[in-house]
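# A look at the structure
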Amino acid sequence: MKFVEIYIIGLVFLTVISFSLLPNNSEGLLDVYFFDIGQGDSIFVETIDGKQILIDGGPNNYVIQKLGKVMSFNDKSIDILIISHTDVDHITGLVEVLERYDVDLIIRSNISCETSLCLALEEKISEEDARVWFVDAGDYIDLGHGSYMKILYPFDDEIYNGKPNNNSVVVRLVAGEDSLLLTGDIEKKIESKLLYSESDISADYLKLAHHGSKTSTSEVFLNAVSPSFAFVEVGDNYYGHPNEQVLTRLEKRGIKYYRTDKDGDIRLIMGSQKSLVFILPYVL
Ligand SMILES: [Zn+2]
């Protein structure tokens, strides 16, 4: 066999191998994207049978561009929109999302709206033909095929008026053997309330609360959640997010972390066989 033929066969073989290592939707129950949208949160989840969930919309309209990449061109509907809380870095993009997409169900906590942006979002929500569900701890959403979302917070008897961060909806997303804890911007006092609640807060994957701020991710909370991987949704900011001490806490425990400001868009596939869970920087 000539050298050129061996070279071509080798190249084809390597190409096949590298494509087979790339994950696709069929390998897991849930596809989770942590969008790189600057200093804020926006997370997109798609189930194996195509249910789509958007959690927050970030501090600008970049979410529209990102959704255009992960959803097909003519798909203009989102099954579930979760509004973790009403701060600007979580809801700005949602006004445009509601303008462009039909949303079936909106999940949110029962918190009063004070800013003009939040009021604009309220108006858009009222125009949308969506069901609105003010959730409490214990509420459960079945996503099919062994996947579900369980609401861990807010507790039904507690509303922290004036502090949207501590009214964040906290969700434990489960797909087969895998679990992801989505914490919005909750601070340490809510973390400790969760610790003493009845809920299972353990998770393989943790979205760090409040962009890795020092106000959150306490030692005890981290010990209880005990994740293998963590994700930080963060962009350029003046707050020192993510906080160095928080990152050190992760490193000391051997928790590998990804951050959107350094890694870009991040894709996590949940609910495949344990050895086939892929986490990789994914450019959108
Ligand atoms: Zn935030």
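Here's a quick rundown of the structure. (Residues numbered from 1 in each chain as written. Predicted model: local features only at pLDDT ≥ 70, side-chain atom pairs only at ≥ 80, totals over all residues. Heavy atoms only, no water.)

To continue, consider the overall build of the protein chain. Within the protein chain one finds eight helices and 15 strands. A burial count over the protein chain gives 53% of its 284 residues as buried. In the protein chain, the proportion of contacts linking residues at least 24 apart, taken out of those at least 6 apart, comes to 64%. Carbon and sulfur atoms form 53% of the exposed surface of the protein chain, whose accessible area is close to 13200 Å². (Helix = DSSP H or I, 4+ residues; strand = E, 2+ residues; numbered from the N terminus. Buried < 20%, exposed > 50% of the residue type's maximum accessible area, 1.4 Å probe, protein only. Contact = heavy atoms within 4.5 Å. Areas by Shrake-Rupley, 256 points an atom, 1.4 Å probe, with all protein chains shown as cover.)

What follows deals with the state of the cysteines. Defined simply, a disulfide is a covalent bond joining two cysteines at their sulfur atoms. Taken as a whole, this structure holds one disulfide when the rule is applied. Put simply, Cys113 and Cys118 are joined by a disulfide, and their sulfur atoms are 1.7 Å apart. Disulfide Cys113-Cys118: the torsion about the S-S bond is -110 degrees, which places it as left-handed. With a relative accessible area of 3%, Cys118 lands in the buried category. (Disulfide = S-S within 2.5 Å.)

At the metal site, the zinc ion is ligated by Asp89 (OD), His90 (NE2), Asp185 (OD) and His211 (NE2), and these contacts range over 2.0 to 2.1 Å. Each of the four donor atoms around the zinc ion contributes to a set of angles spanning 85 to 150 degrees, which defines the coordination as irregular. (Donors = N, O, S within 2.8 Å, 3.2 Å for Na, K, Ca; no water. Tetrahedral: all angles 85-135°; square planar, octahedral: opposite > 155°, others 65-115°.)

Taken together, the seven strands give an open sheet; going across it, the order is β7-β8-β9-β10-β11-β12-β13, and neighbouring strands pair in mixed fashion. Looking along the sheet, the strands with just one partner apiece sit at the ends: β7 (140–144) and β13 (256–259). Between one strand axis and the next, the sheet turns through 20 degrees on average, direction left out of account. Where strand β12 (residues 229–232) lies against β13, four bridges are found, and the strand directions are parallel. Within the sheet, the bridge partner assigned to Phe231 lies in β13 and is Tyr258. (Pairing = 2+ DSSP bridges. Axes fitted to C-alpha atoms, helices over the stretch in contact; angles between N-to-C directions.)

We now examine the pattern of salt bridges. The full count for this structure, using the stated rule, is 14 salt bridges. Notably, a salt bridge pairs Glu219 with Arg249, separated by 3.7 Å at the nearest N-O pair. Remark: Arg249 occurs in helix α7 (residues 244–252) and Glu219 occurs in helix α6 (residues 219–225); sequence separation between them is 30 residues. (Salt bridge = Lys/Arg side-chain N within 4 Å of Asp/Glu carboxyl O.)

Helix length check: helix α3 (residues 88–100), at 13 residues, gives a terminal C-alpha distance of 19 Å against a target of 18 Å (1.5 Å per residue), a fit within 8%. At Leu94, α3 shows its maximal kink, close to 25 degrees. Against the buried residues of α3 lie β3 (52–55), α2 (62–70), β4 (77–83), β5 (102–108) and α4 (116–127). (Expected span 1.5 Å × (residues − 1). Bend = angle between axes of the 7 residues up to and from the residue.)

Before going further, it helps to examine empty space enclosed by the protein. One pass over the structure, following the stated rule, counts one cavity of 30 Å³ or more. Counted as a void, the largest cavity has a volume near 60 Å³. In this structure, the largest cavity is lined by Asp41, Ile43, Ile55, Asp56, Ile82, Ser84, Val169, Val171, Leu182, Thr183, Gly184 and Lys207. Tallied by class, residues from the lining of the largest cavity come to six nonpolar, three polar and three charged. (1 Å grid on protein atoms, 1.4 Å probe; cavity = no way out; pocket = protein on both sides within 12 Å on 5 of 7 lines; lining within 4 Å. Points joined across faces, edges and corners; volume = space filled by probe spheres on them. Nonpolar A, V, L, I, M, F, W, Y, C, P; charged D, E, K, R; others polar.)

Take it as geometry only, folks, not as evidence of what the structure does.
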